[in-house]
Amino acid sequence: MARTTQVGAETKQRRSPRDATAGGGPPVNGDHFAGDMRGSIERAFLRAGGLSREAVRRRPIIGICSSWSELNPCNMGLRDLAESVKRGVTTAGGTAVVFPTISLAENFIVPTTMLLRNLMAMDVEEMIRCSPIDGVVLLSGCDKTVPAQLMGAASAGKPAIMLTAGPRSCGQFQGRPVVTSDVWTLGPDRVMGRIDDEEWDALEGVFAPTVGVCNVMGTATTMAIATEVIGMALPGSAVVPAVESRRSDLAERTGIRAVELARSDIRPEDVMTQSAFDNALCVLAATGGSTNEFIHLEAIAGRLGVSLGLDRFAGISEKTPQVLGVRPSGDFSLEDFDHAGGVPALLAVLEPLLDRDSVQGDGRTVADVSADVRTAKPRPNPCLRSLEDPFEPASGLVVLRGSLAPRGAIFKRSAAPRALWTHRGPAVVFDYHTAQERAQDPDLHATPDSVIVLRNAGPVGAPGMPEVDFVPIPAVLRKAGITELVCVTDGRMSGTEGGATALHVTPEAAIGGPIGLVRNGDEIVLDATTGRLDLLVEDRELARRATEARPSASAARRGYERLYLDHVLQADQGCDFDFLVDRA
Ligand code: FES
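The model shown is predicted, which means the values in this text are computed figures rather than measured ones.

Novice: Looking at this model, I keep getting lost on the overall build of the protein. Mind explaining?
Specialist: Counting secondary structure elements, the protein contains 21 helices and 14 strands. Relative to the compact-globule value of 25 Å for 584 residues, the protein shows a C-alpha radius of gyration of 24 Å, a close match. By residue count, 59% of the 584 residues in the protein fall in the buried class. Considering only contacts within the protein whose residues lie at least 6 apart along the sequence, 75% involve residues at least 24 apart. As displayed, the protein offers around 22,400 Å² of accessible surface, 52% of which is attributable to carbon and sulfur atoms.

Novice: What should I look at first to understand a negative patch on the surface in this one?
Specialist: On the surface, Asp-196, Glu-198, Asp-201 and Glu-204 cluster together into a negatively charged patch. Structurally, the position occupied by Asp-196 is in the loop between α7 (182–191) and α8 (197–206). Note on Asp-196: relative accessible area 39%, which makes it partly exposed.

Novice: Is there a simple way to explain the packing of aromatic side chains in this structure?
Specialist: Pairs of aromatic rings are described using the distance from one ring centre to the other and the angle between the two planes. All told, the structure shown has six aromatic pairs when counted by the stated rule. Plain terms: the ring middles of Tyr-560 and Tyr-564 are 6.4 Å apart, the flat faces sit at 50 degrees to each other, and that makes the pair tilted. Of this pair, Tyr-560 and Tyr-564 both sit in helix α21 (residues 559–567), four residues apart, which is roughly one turn of that helix. What links up through ring pairs into an aromatic cluster is the set Tyr-560, Tyr-564, Phe-577 and Phe-579. Here Arg-385 stacks its cationic end above the ring of Phe-391, 4.1 Å away from the centre of that ring. One residue, Arg-413, lies across the ring of Trp-421, its end atom 4.9 Å from the ring centre.

Novice: For this particular structure, what's the right way to read helix α14 (residues 310–318)?
Specialist: All of the buried residues along α14 are Leu-310, Phe-313, Ala-314, Ile-316 and Ser-317. Buried residues belonging to α14 abut α12 (274–287), α13 (292–303), β7 (397–402) and β8 (405–412).

Novice: What exactly am I supposed to notice about the environment of Val-206 here?
Specialist: Note on placement: Val-206 falls in helix α8. The partly exposed category is assigned to Val-206, whose relative accessible area is 23%. Along the primary structure Val-206 and Ser-329 are separated by 123 residues, whereas in three dimensions their C-alpha atoms are 23 Å apart.

Novice: Looking at this model, I keep getting lost on the nonpolar core. Mind explaining?
Specialist: Soluble globular proteins tend to pack their nonpolar side chains together in the buried interior. In terms of nonpolar packing, the biggest core is built from 101 residues, with Ile-128, Leu-138, Ile-225, Phe-277, Phe-313 and Phe-337 touching the most fellow members. For this core, the element with the most residues is α12, which contributes nine residues. Those residues in contact with Ile-128 that lie beyond four places of it in its chain are Phe-99, Ile-133, Val-136, Leu-138, Ala-153, Ala-156 and Lys-158. Grouped together as the second largest cluster of nonpolar side chains are 29 residues, Ala-427, Ala-502, Leu-517 and Ala-528 included.

Novice: Can you walk me through unusual backbone geometry in this structure?
Specialist: As a rule of thumb, non-glycine residues mostly have phi less than zero, and peptide bonds are mostly trans rather than cis. Here the residue pair Val-110 and Pro-111 is connected by a cis peptide bond, since its omega of 10 degrees sits within 30 degrees of zero. With phi around 65 degrees, Asn-456 is a residue other than glycine that occupies positive phi space. Residue placement: Asn-456 occurs in the loop between β10 (451–455) and α19 (475–478). According to the relative accessible area criterion, Asn-456 is buried, its value standing at 4%.

Novice: How do you make sense of the layout of surface pockets when you look at a structure like this?
Specialist: One water molecule sets the probe size; rolling that probe over the atoms shows where empty space is left. Estimates place the volume of the largest pocket at around 930 Å³. The wall of the largest pocket is formed by 33 residues, among which Trp-184, Thr-185, Pro-188, Phe-470 and Thr-483 lie closest to the centre. No other element matches the six residues that α7 contributes to the lining of the largest pocket. A class-by-class count of the residues in the lining of the largest pocket yields 14 nonpolar, twelve polar and seven charged. Every element with two or more residues in the lining of the second largest pocket is listed here: α7 and α9 (219–229). By residue number, the principal contributor to the lining of the second largest pocket is α9, which donates three residues. In terms of residue class, the lining of the second largest pocket is built from 16 nonpolar, eleven polar and six charged.

Novice: Help me understand the environment of Arg-176, please; the structure alone is not making it clear to me.
Specialist: With respect to the helices and strands, Arg-176 occurs in strand β6 (residues 176–178). Relative accessible area serves as the criterion here: at 35%, Arg-176 is assigned to the partly exposed category. Each C-alpha atom, one on Arg-176 and one on Ala-242, is 21 Å from the other, the two residues being 66 residues apart in sequence. For Arg-176, the contacting residues outside a window of four places in its chain are Gly-171, Asp-182 and Leu-186.

Novice: Even after reading the chapter, I still don't get α12, so can you show me in this structure?
Specialist: What sets the pattern is the α-helix's 3.6 residues per turn: residues three or four places apart point alike. Its 14 residues give α12 an end-to-end C-alpha distance of 20 Å, which sits within 8% of 20 Å, the value for a rise of 1.5 Å per residue. Counting buried residues in α12 gives 13 out of 14 residues, a clear majority hidden from the surface. After α12 finishes, the residue Gly-288 shows a positive phi value of roughly 60 degrees.

Novice: Just to check I follow, could you spell out the sheet that holds strand β3 (residues 135–140) for this structure?
Specialist: Strands in a sheet are paired, the pairing made by backbone hydrogen bonds, and the direction either parallel or antiparallel. In space, the four strands of this open sheet follow the order β2-β1-β3-β4, with parallel pairing throughout. Each having just a single partner strand, β2 (95–100) and β4 (160–164) make up the two edges of the open sheet. Within this sheet the neighbouring strands show an average axis-to-axis angle of 20 degrees, counted without direction. Alignment of β3 against β4, held across five bridges, turns out to be parallel. Following the sheet pairing, Ser-140 is matched in β4 by Thr-164. Here helix α5 (residues 113–130) sits on the sheet in contact with β1 (61–66), β2 and β3, set at roughly 155 degrees to β3.

Novice: Sorry if this is basic, but what is going on with the pattern of salt bridges here?
Specialist: Side chains carrying opposite charge are able to pair once their charged atoms draw close together. In this structure the tally under the stated criterion is 33 salt bridges. Two residues, Asp-338 and Arg-246, come together in a salt bridge whose shortest N-O distance is 2.6 Å. On the criterion of sequence distance, the pair formed by Asp-338 in helix α15 (residues 334–339) and Arg-246 in helix α10 (residues 245–264) is long-range, its members being 92 residues apart. Since its relative accessible area comes to 12%, Asp-338 is described here as buried. Its relative accessible area of 36% is what places Arg-246 among the partly exposed residues. Note that Glu-392 and Arg-418 form a salt bridge whose closest N and O atoms lie 2.9 Å from each other.

Cut-offs and rules
- Residues numbered from 1 in each chain as written.
- Predicted model: local features only at pLDDT ≥ 70, side-chain atom pairs only at ≥ 80, totals over all residues.
- Heavy atoms only, no water.
- Helix = DSSP H or I, 4+ residues; strand = E, 2+ residues; numbered from the N terminus.
- Rg over C-alpha atoms; globule rule 2.2 N^0.38 Å.
- Buried < 20%, exposed > 50% of the residue type's maximum accessible area, 1.4 Å probe, protein only.
- Contact = heavy atoms within 4.5 Å.
- Areas by Shrake-Rupley, 256 points an atom, 1.4 Å probe, with all protein chains shown as cover.
- Patch = residues over 30% accessible without salt bridge, like charges linked within 9 Å, V, L, I, M, F, W, Y side chains within 5 Å.
- Salt bridge = Lys/Arg side-chain N within 4 Å of Asp/Glu carboxyl O.
- Lys, Arg positive; Asp, Glu negative; His and termini not counted.
- Charge placed at Lys NZ, Arg CZ, Asp CG, Glu CD.
- Phe/Tyr/Trp six-rings, centres within 6.5 Å; stacked < 30°, edge-to-face > 60°.
- Lys NZ or Arg CZ within 6 Å of the ring centre and 35° of its normal.
- Core = buried A, V, L, I, M, F, W, Y, C linked by side-chain atoms within 4.5 Å.
- 1 Å grid on protein atoms, 1.4 Å probe; cavity = no way out; pocket = protein on both sides within 12 Å on 5 of 7 lines; lining within 4 Å.
- Points joined across faces, edges and corners; volume = space filled by probe spheres on them.
- Nonpolar A, V, L, I, M, F, W, Y, C, P; charged D, E, K, R; others polar.
- Expected span 1.5 Å × (residues − 1).
- Pairing = 2+ DSSP bridges.
- Axes fitted to C-alpha atoms, helices over the stretch in contact; angles between N-to-C directions.

Printed below as a string of structure tokens:
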């Protein structure tokens, strides 16, 4: 606590323009709008909403930034949690006001939530910056809502803490529990007619049986874990189930902590430091978490002028064994991980690889939290192993570089068949927009060695870098029983999916990356043991092809999509807008 307070004091000069205490220290015990007409009007209108004179004048006002929406079932538990947060804020002597922002549901937003993540981040930033609040509790859950809120809060620069929604419960199908990633594993059975209409209808009814986020190590939970590791959520909060009373308890404590942060003027930049992000990268490597986290962490860090970069991640992941085995990077469930002690237990295992002084959401350090875990001695659970006896001696995530990905790509080794970690084969090129149709072509030339090149799925090309839901296995191969091929794409993939896919190939095809120059039959070499991804075509020939017309990117002429296309950065830079990076 002492450390964070001290760091907070160092940054007091950077106050929000709205904050009338500028130059007068932290807003301890209110009167933060005193003296001017603007303050009077704000107080009057806060009282119009039912707050007392005391509540608006003498207490820190804590905004509760909620991404609750009936159009986002993953986040629908947040309305109840907001009530618990309010109780905590009141208990600690603050005044809580709930406000909404855009909410992005992975399965509802077309073409992709990634197109709108930066829009939500802008909404969150401006609402925090421009509203008469001294601090904020961020409530989110579904994949993009977490990074969008963290990006916005980082740029707004007011004291902030997050509570995530928690994973939803598991349903039961054909006598066994179903988790989110089962939709991918059961999909082929449905296509082949092995699951009939009635059974599929039953599956739809139990597949997502409660509010909360996808109950595997997908992007939402990977980001919830990262939020905890970088000190923006209370220790032990990431994987507590959405519907358990423990989450209400966490919400109340989060409200209490928000008042402490506001009173001590501890801001996101005091907490989300380079070492905090390094710890998050280490945890990402150790969990085999969603590949999307790298993009989001890069974007959040970029808002604070902190540089990550694929090389940094490559260096950290090389030294980090995979110690957690939760689906899809293992056989265990998130419940197992929760029972094993959650993120604090994971930090205790990884402590020798982490910055032990990095601050956690309750003000303690990684070393403090790890020491408490050792004292409590949680019951060992096979989902979490030691550094000496890991699931894999090296990280489940690998950075690839080579002539096909000069600025990098990511390969999730932990979710790919080991036989495909190294592979050489001829390209079969698909355009993202027509891939599924072309895969049905009975005359398509493809062999079990083929490498699927799925391009124009990047930030500019798609646009929005959508998730590639299924690798388009050509029908001619599927009929022969082939279900796994190596795939190379400039798009993303859901964290709930597996497969031997090189993702986020940068630069993307739409801005002239080499992936746009691949022709059917070109030889491609993947080596996920050494981190290489190469296109075996002569430079002279590639130069010739580069002079030919490249596939046209989206031609949006107006609105948000136009803004997006003009300013979005590539995957290795977090896909943020160029004008939002850094706060300077
Ligand atoms: Fe919302 Fe997975 S669809 S977390």
